[in-house]
Amino acid sequence: MSLYQVRVAGTGRFLPERIVTNEDLTKTLDTSDEWIVKRTGIKTRHYAEPGASNAKMGAEAARAALEDAKLTVDDVDLILFATVTPDYRLPFCASLVQRELNIPNANGFDVFSGCAGYVQATQTASQFIRAGAAKTVLVIGSDIMTSIIDPKDRSTAVLFGDAAGCVVLTRAEEGSDSALLAMTGGLKGDDEVLVIPTGGSKNPLTKENYDERGHYVVMKGRDVFRFAVDRFATQISEACEQAGIKPSELKIVVPHQVNRRIIESAVRRCDIPLDRVIMNLDKFGNTSGATVPMALDEAIKNGRLDRGDYFIMVAFGSGLAWASALFRY
Ligand SMILES: CC(C)(COP(=O)(O)OP(=O)(O)OC[C@H]1O[C@@H](n2cnc3c(N)ncnc32)[C@H](O)[C@@H]1OP(=O)(O)O)[C@@H](O)C(=O)NCCC(=O)NCCS
C-alpha cells in the first residue's frame, strides 16, 4: 500500500519550426511519399536547426506544462529527462533544464534507455511521489533524432523527427481519484536490432569509423516491428489485469508513436477500438522520448480525457526494452 498517489497535473510540448514533408525527402533519398505513408503513416516531421539544444527544447516543453498545471518553478522538486540524444556526454540534460528554468530546489537525472525511456521515467517519477520523496516532478521527453539518424539511409531517415514533451506529475490530494494503478516493463538484452555502433566506450569515435557512418542508428526494421507488435499487446493485457480493469474500460491508449501499421496490428490483438488510440505520428514521425508526452498533451487538450478516466502509456524501443503505465486521470 503506497503512502501517496500520483496525478497528471499538466502537459506541454515544444516543436522546432522547420517542417519536412515526405516530398522534401525525395529530393535527397530514393523514396516516395506513397512508400512512406503506406509503410509508416508518416507525412511530415519537424527538424531542429543544427546546433539546437535538446535541453532547451525540453525546458520549453516543461515551461508550457508548468503553466498548464498552474504551478511555478518553486514547486518543482524533481526533474527527469528521458532522451537518447543529450546535448553532451557530460553533463546531463536535467541539470541544464534546472539552469534554463532557474528552478531553485530540485533533484534530477536523465533516463537514457531508448524509446521506452519516457515511460520508465514516468514510472520512476511516480515512485518518488508514492514514497513521499517528491511532490512535483517534471517528466520531460525530448530528442533531436536528426543528430543520430543517417540522412543518407532511407530505411531510418524517413521515420524520425525532433520534438519535446513534458508531463507534470504531482502528489494527488487526499480524496482525489487520480492514481497510477499499474506498471509493466522488461528487457531482452540486444545490441544488434537497434544500435549506434560507435561513439560509446566500447568503440570510441575515430576518423575511420566516422567515415563508415558508425555514429548513426543502424536498425533491423522487421525485427523491431515484430517485437513492438507483441510487446504492445501483451503489456496492455498485463497492465489491465494488474489494475483490475478490462482493456475495453480504457478511455484512451497513448502509445509510443512508432509506425501506424505497428499500432494497428497491435490494437487488433486487444479488445480496444482503434479510435481510442491516440496517434499523431502522421505529423511528427517518431520523436523517441517525446512521442508519449506529446500524444498525451494532444489528447488532453482535445478533451479526450476526463478526470476519473483510465488511460495507459505504452512504449518499446532499443535495448530491447518495453514499459507501460496505467493511470486513473
Ligand atoms: C522500417 C519499416 C517501415 C520498413 O518497412 P518493411 O515493410 O519492414 O520494409 P523492409 O524493411 O522489409 O523493406 C522493404 C523494401 O523497401 C525498401 N525501403 C526501405 N526504406 C525505404 C524507403 N524509405 N523508401 C522506399 N523504399 C524503402 C527496402 O530497401 C526494401 O527493398 P528490397 O525489397 O528491394 O530489399 C518497418 O520495418 C518499421 O517501421 N519497423 C519499425 C522501425 C521503428 O519504428 N524503429 C524505431 C523503434 S523505437
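Residues numbered from 1 in each chain as written. Predicted model: local features only at pLDDT ≥ 70, side-chain atom pairs only at ≥ 80, totals over all residues.

### Quick look at the domain arrangement of the protein chain
Structurally, the protein chain comprises domain 1 (6-171) and domain 2 (179-328). The distance between the C-alpha centroids of domain 1 and domain 2 comes to 14 Å. Elements that contribute at least two residues to the side of domain 1 that touches domain 2 include exactly strand E1 (6-14), helix H2 (33-40), strand E3 (44-47), helix H5 (117-130), strand E6 (136-144), helix H6 (154-157) and strand E7 (162-171). Counting residues per element, the side of domain 1 that touches domain 2 draws most heavily on H5, at seven residues. Residues belonging to the side of domain 1 that touches domain 2 are distributed by class as follows: 18 nonpolar, 20 polar and eight charged. (Domains from an automatic or database assignment. Helix = DSSP H or I, 4+ residues; strand = E, 2+ residues; numbered from the N terminus. Nonpolar A, V, L, I, M, F, W, Y, C, P; charged D, E, K, R; others polar.)

### Examining the site of the ligand
Inspection of the region around the ligand gives 19 residues, with Thr31, Cys115, Arg154, Gly221 and Gly317 positioned closest. Taken together, the elements giving at least two residues each to the shell around the ligand come down to H2, H6 and helix H8 (221-243). Considering only residue class, the shell around the ligand consists of nine nonpolar, seven polar and three charged. Both of domain 1 (6-171) and domain 2 (179-328) provide at least three residues apiece to the shell around the ligand. (Near = placed C-beta within 6 Å.)

### Focus on the sheet that holds strand E8 (residues 179-187)
Strands pair in a sheet through their backbones, by hydrogen bonds, and they do so in one of two ways: parallel or antiparallel. Strand order in the open sheet formed by four strands is E8-E13-E12-E11, and the pairing between neighbours is mixed. Strand pairing shows two members of the sheet lacking a second neighbour, E8 and strand E11 (250-255), which therefore form its edges. Looking at each pair of strands side by side, their axes are set apart by 10° on average, direction ignored. Here strand E12 (residues 310-317) pairs with strand E13 (residues 321-328) via eight bridges, running antiparallel. Residue pairing for E13: phenylalanine 316 is matched across the bridge by tryptophan 322. The strands touched by H8 are E8, E11, E12 and E13; relative to E12, the strand with the most contacts, the crossing angle is about 145°. Across the face of the sheet, helix H11 (residues 291-301) comes into contact with E11 and E12 while running at roughly 145° to E11. (Pairing = 2+ DSSP bridges. Axes fitted to C-alpha atoms, helices over the stretch in contact; angles between N-to-C directions. Contact = placed C-beta atoms within 7 Å.)

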